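Coordinate inspection notes
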Amino acid sequence: MTQSLPTLDTPAASLTTDTAPASRATGTMPAPLATGTATALLANGSGITTAPLGTGTGISTGTATAPGIAETGTDTGTGTGTGTGVASSIAHGPAAEPTAVLARFEDWVRRTPQAPAVIDGDRTWTYRDLDTAAARVTSALRERIRPGDLVGVCLDRSTALVVTAVALARIGAVYLPLGPRPGERRTQVVTEDLDVACLLGDPGVLPEGHRAGEQAPLPLPTDGVNAPAAAVAAFTEDGRGARRAPEGALYAVLTSGSTGRPKAVAVAEASLSVALDWYRDETGLAPGDRQSLLIGVAFDPHLLELWAALTSGAALVPAPDDTRWDSQVLADWWRDTAVTVSVAATPTVEPLLDRPWPQDLKLRHLVVGGDRMRRRPGPDVTATVHNAYGPAEATVVATTHAMRGTDADAGDPAAPPIGTPLPGVTVVVTGDDGHPVARGQDGELRIGGHCLALGYLDPELTAQRFTAPPEDLPLPAADRLYRTGDRVRMKADGSLEFLGRLDDQVKISGVRIEPAEVEAAFEQNPSVRSAVVTVLRDSSGHARLVAHVRPADGAEPTSADLLAAVRAWLPEQAVPSAVRIVEGYPLDANGKVDRAALAAQGLAPAVPATAPDDLAGATPTERLVLTTVRDLLGRPGTTLGDNFTDAGGTSVVAARLLVAVERETGVRPRAHELLRSTDLRAFAALLDQRRTPRPAGA
């Protein structure tokens with residue numbers, strides 16, 4: 001049944017639309033995957049009970065925009081559940097109800113058809129243009145793709161991606177972003193485990209197994225930033241995996257898995273809608289604004305960007321690839337495109353906070369996340385910076401802390417908190433027994449409420465991570481809690497401090513990585529007998545992976561060959577910066593691999609350090625480039641003849657190298673100049689060219 005939309009200021013929890021399948025109606029929500037001990041969700045449209053929040057401070061919601069205990073009505077859970085008379089580590093965000101996602105976009109199409117929806121290079125697509133393009137793709141796919149089907153999306157940030165997201169939502173298919181160039185082996189693993197109906201993308205970059213199968217041309221845009229040269233839906237005759245998305249899923253994303261195979265987590269439209277409602281209220285995103293489309297497509301925050309704009313009447317601006325390598329290029333892009341609201345990875349933004357903030361930006365709000373923020377923005381930062389935290393299992397963002405240049409603690413070198421829960425979110429800091437610890441004590445963060453995903457596409461794994469609260473812990477706002485594995489501390493005011501991981505998982509450039517998955521990728525190689533991955537951190541806290549590989553009998557693999565092989569299995573952030581070939585591993589008293597001792601060995605050169613005469617004849621610029629790359633990669637054996645990427649360089653390492661080069665030389669090279677240089681010597685020569693004064697009159 002179709003209903004007319006109320007004004008966008010009115011909650012629309014029971015809306016349906018004739019363009020969305022019945023399973024996406026936000027008035028009801030299907031039960032999650034079977035979760036063993038987890039209790040069933042109530043079909044009230046929110047996935048949680050609608051009983052009032054706990055009896056904490058219960059301050060009514062005001063009009064303040066920053067999430068805080070006093071301003072937003074966050075229930076700080078001041079009960080004395082610890083048995084010590086001290087407040088428990090429980091906090092509730094303000095009350096919230098799910099609304100709509102696709103239906104809000106459809107309403108903007110009707111209300112403002114000529115308003116810009118995507119500004120992609122020199123081309124502007126109106127809401128009517130986007131609606132028409134999505135209708136064509138929907139028509140092309142509808143005969144082959146059914147509601148509930150998983151569809152792997154192999155596109156980059158572009159108008160084509162936006163059109164695809166809208167088209168799949170209209171069909172009721174489940175959007176599974178894999179990135180523009182998914183590795184052959186990684187795609188194979190995903191399609192072996194999951195029932196993926198097809199892959200959408202440029203046929204020239206699709207994995208070989210899908211290039212050889214049936215392909216149906218798609219009328220997707222092929223102009224603009226990061227646009228595909230052509231687009232197809234690629235079907236394969238190979239067997240499909242058995243796991244389907246649960247009913248009601250809007251999208252699914254991959255996260256790192258301890259078994260060596262990525263996990264897929266499914267999220268409902270209702271859960272995304274609550275995050276979007278907060279985002280619109282917090283940033284004021286509205287018609288006339290320009291929202292970045294900056295985050296890599298394989299990671300779920302890009303969905304927050306994409307749908308935030310389309311449900312606000314604002315315009316999306318896809319970012320060119322250089323922006324993720326170079327923070328100065330990012331700042332220039334914000335300026336040139338007049339972006340007003342942006343989402344970015346913390347490691348990309350932090351170099352901008354270390355230098356004077358550009359004063360000619362229209363950027364009003366900047367949401368950062370994906371890694372620990374190590375300092376507060378200074379008083380010169382004109383945008384409100386939101387330090388956001390949230391695993392994919394909690395729909396992109398669960399807590400935030402807003403910071404402004406006018407704050408008394410602006411510029412404080414101490415790490416800011418990850419903040420307080422969003423509307424409809426409950427956070428609990430627990431001990432090993434699952435009960436809340438007292439405020440000020442460390443514990444594991446568990447999250448509940450509207451934000452929770454439906455679960456993994458593996459019911460057994462869902463039962464392990466999404467569990468019911470203890471029976472003696474009444475949480476009316478959350479009948480399921482997701483165990484994050486993150487160690488946090490709740491302060492007296494209810495805000496959270498992030499302390500690290502409780503398990504072996506590590507964040508590299510904002511992406512959660514299971515070392516076991518990286519090890520499994522190496523062990524797929526027949527020349528490898530076993531692999532152990534350790535984590536090393538530099539003085540600034542940046543993490544990098546080192547693989548310690550024991551070759552198979554008679555094999556003599558090289559580090560370069562091993563790295564080239566694992567790139568087909570792993571996302572960029574999970575590829576180690578160095579590989580050590582070892583004969584064996586140190587063991588602890590229990591006979592297990594002593595990872596701490598192994599990591600200490602990794603601090604020594606994996607191969608003999610470069611001979612002194614390698615630097616003796618180097619120019620000052622060559623010496624600068626080589627020593628900086630060695631320090632950043634932790635590979636003393638790197639030479640001037642090495643290619644940056646082949647030596648283990650990543651986008652984040654490139655950004656840090658460019659900052660260091662500019663600081664020492666005053667020359668600001670672009671990321672693509674580094675990547676296109678045949679080796680580090682050629683890159684140093686380019687810098688010397690830039691530094692050489694031109695003759696008078698030249």
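Residues numbered from 1 in each chain as written. Predicted model: local features only at pLDDT ≥ 70, side-chain atom pairs only at ≥ 80, totals over all residues. Heavy atoms only, no water.

So, on to the sheet that holds strand S26 (residues 528–537). Strand order in the open sheet made by the 3 strands is S26-S27-S28, with mixed pairing throughout. The strands lining the two open edges of the sheet, one partner per strand, are S26 and strand S28 (578–581). Across the sheet, the axes of successive neighbouring strands diverge by a mean angle of 25 degrees, strand direction being ignored. Judged from the 4 bridges that link them, strand S27 (residues 543–551) and S28 form a sheet pairing that is parallel. (Pairing = 2+ DSSP bridges. Helix = DSSP H or I, 4+ residues; strand = E, 2+ residues; numbered from the N terminus. Axes fitted to C-alpha atoms, helices over the stretch in contact; angles between N-to-C directions.)

For Glu 444, the location among the structural elements is in strand S19 (residues 442–449). Side chain to side chain, Glu 444 and Arg 483 meet in a polar contact 2.9 Å long. Reaching out from Glu 444, the side chain makes a polar contact with the backbone nitrogen of Gly 485 at a distance of 3.0 Å. Those residues within four positions of Glu 444 in sequence are excluded, and the remaining contacts are Val 428, Val 429, Thr 430, Arg 483, Thr 484, Gly 485, Asp 486 and Leu 502. (Polar contact = N/O pair within 3.5 Å; in protein donor to acceptor, adjacent residues only side chain to side chain. Contact = heavy atoms within 4.5 Å.)

This paragraph deals with the pattern of salt bridges. Under the counting rule described, the total for this entry stands at 30 salt bridges. Arg 364 is the partner of Asp 289 in a salt bridge, and the nearest nitrogen-oxygen pair spans 2.9 Å. Highlighted residues: Asp 289 in the loop between helix H7 (269–283) and strand S11 (290–293) and Arg 364 in the loop between helix H10 (346–353) and strand S14 (365–369), separated in sequence by 75 residues. Taken together, the shared-partner salt bridges connect Arg 146, Asp 149, Asp 195 and Arg 244 into one network. (Salt bridge = Lys/Arg side-chain N within 4 Å of Asp/Glu carboxyl O.)

Let's shift gears to helix H8 (residues 301–310). Since the α-helix advances by 3.6 residues per turn, residues separated by three or four positions end up pointing in the same direction. Burial analysis of H8 places 9 of its 10 residues in the buried class, the great majority of the element. Regarding H8, the residues found buried are His 302, Leu 303, Leu 304, Glu 305, Leu 306, Trp 307, Ala 308, Ala 309 and Leu 310. (Buried < 20%, exposed > 50% of the residue type's maximum accessible area, 1.4 Å probe, protein only.)

Centre-to-centre distance and the angle between the planes together describe a pair of aromatic rings. Scanning the entire structure with this criterion turns up 6 aromatic pairs. For the pair Phe 105 and Tyr 127, a centre-to-centre distance of 6.0 Å together with 35 degrees between the ring planes defines the contact as tilted. Of this pair, Phe 105 sits in helix H2 (residues 102–111) while Tyr 127 sits in helix H3 (residues 127–141), and the two are 22 residues apart along the sequence. Each member of the pair, Phe 105 together with Tyr 127, is buried. Their ring planes at 70 degrees and their centres at 6.1 Å tell us that Trp 278 and Tyr 279 sit as a pair that is edge-to-face. (Phe/Tyr/Trp six-rings, centres within 6.5 Å; stacked < 30°, edge-to-face > 60°.)

One non-glycine residue, Ala 338, lies in positive phi territory at about 55 degrees. Tracing the chain through its elements places Ala 338 in the loop between helix H9 (327–337) and strand S13 (341–345). Accessibility expressed as a relative area gives 18% for Ala 338, which makes it buried. Even without glycine at this site, Val 396 takes up a positive phi of about 75 degrees. Note that Val 396 resides in the loop between strand S15 (384–389) and strand S16 (399–403).

All right, on to the environment of Ser 158 then. Here Ser 158 shows up in the loop between strand S4 (150–154) and helix H4 (159–171). Through-space distance from the C-alpha of Ser 158 to that of Val 317 is 8.4 Å; in sequence the pair is 159 residues apart. Each residue touching Ser 158, except ones within four places of it in the same chain, is listed here: Asp 120, Val 225, Asn 226, Ala 227, Leu 293 and Pro 318.

Our focus in this paragraph is a negative patch on the surface. Side chains of Asp 432, Asp 433, Glu 471 and Asp 472 sit close together on the surface and give a patch of like negative charge. Note on placement: Glu 471 falls in the loop between strand S21 (466–467) and strand S22 (481–490). (Patch = residues over 30% accessible without salt bridge, like charges linked within 9 Å, V, L, I, M, F, W, Y side chains within 5 Å. Areas by Shrake-Rupley, 256 points an atom, 1.4 Å probe, with all protein chains shown as cover. Lys, Arg positive; Asp, Glu negative; His and termini not counted. Charge placed at Lys NZ, Arg CZ, Asp CG, Glu CD.)

Quick look at the nonpolar core now. One finds Trp 307, Leu 310 and Ile 447 to be the most contacted residues of the largest nonpolar core, which totals 91 residues. At 10 residues, H4 tops the list of elements feeding residues into this core. With sequence-adjacent residues up to four places away left out, Leu 310 is seen in contact with Arg 104, Phe 105, Trp 108, Ala 117, Tyr 127, Leu 130, Val 162, Val 166 and Leu 316. Ranked by size, the runner-up nonpolar core spans 24 residues in total, among them Ala 319, Val 339, Leu 361 and Leu 366. (Core = buried A, V, L, I, M, F, W, Y, C linked by side-chain atoms within 4.5 Å.)

What follows deals with H4. The terminal C-alpha atoms of H4, which comprises 13 residues, lie 19 Å apart, in line with the 18 Å expected from a rise of 1.5 Å per residue. The buried fraction of H4 is high, at 13 of 13 residues. Backbone geometry just downstream of H4 places Gly 172 in the positive-phi region, at approximately 95 degrees. (Expected span 1.5 Å × (residues − 1).)

Bringing the confidence of the model for the protein chain into the picture now. For the protein chain, per-residue confidence averages 82 on the pLDDT scale, and residues scoring 70 or more make up 82% of the total. Scored below 50 in pLDDT, residues 76–82 shows 26 contacts in the model against residues more than four places distant or in partner chains. Note on residues 605–613: pLDDT under 50 across the span, and 11 contacts to partners over four residues away in sequence or across chains. (pLDDT = per-residue confidence, 0-100.)

Most of S16 sits out of view: 5 of its 5 residues are buried. Burial of S16 is two-sided: the residues Thr 399, His 401 and Met 403 facing one way and the residues Thr 400 and Ala 402 facing the other way are all buried. Where S15 meets S16, 5 bridges bridge the pair, whose relative direction is antiparallel. Its bridge partner being in S16, Tyr 389 is matched across the sheet by Thr 399. Sheet topology places S16 next to strand S17 (residues 420–421); 2 bridges connect them, and they run antiparallel. Looking at S17, one finds that Thr 400 is bridged to Thr 420.

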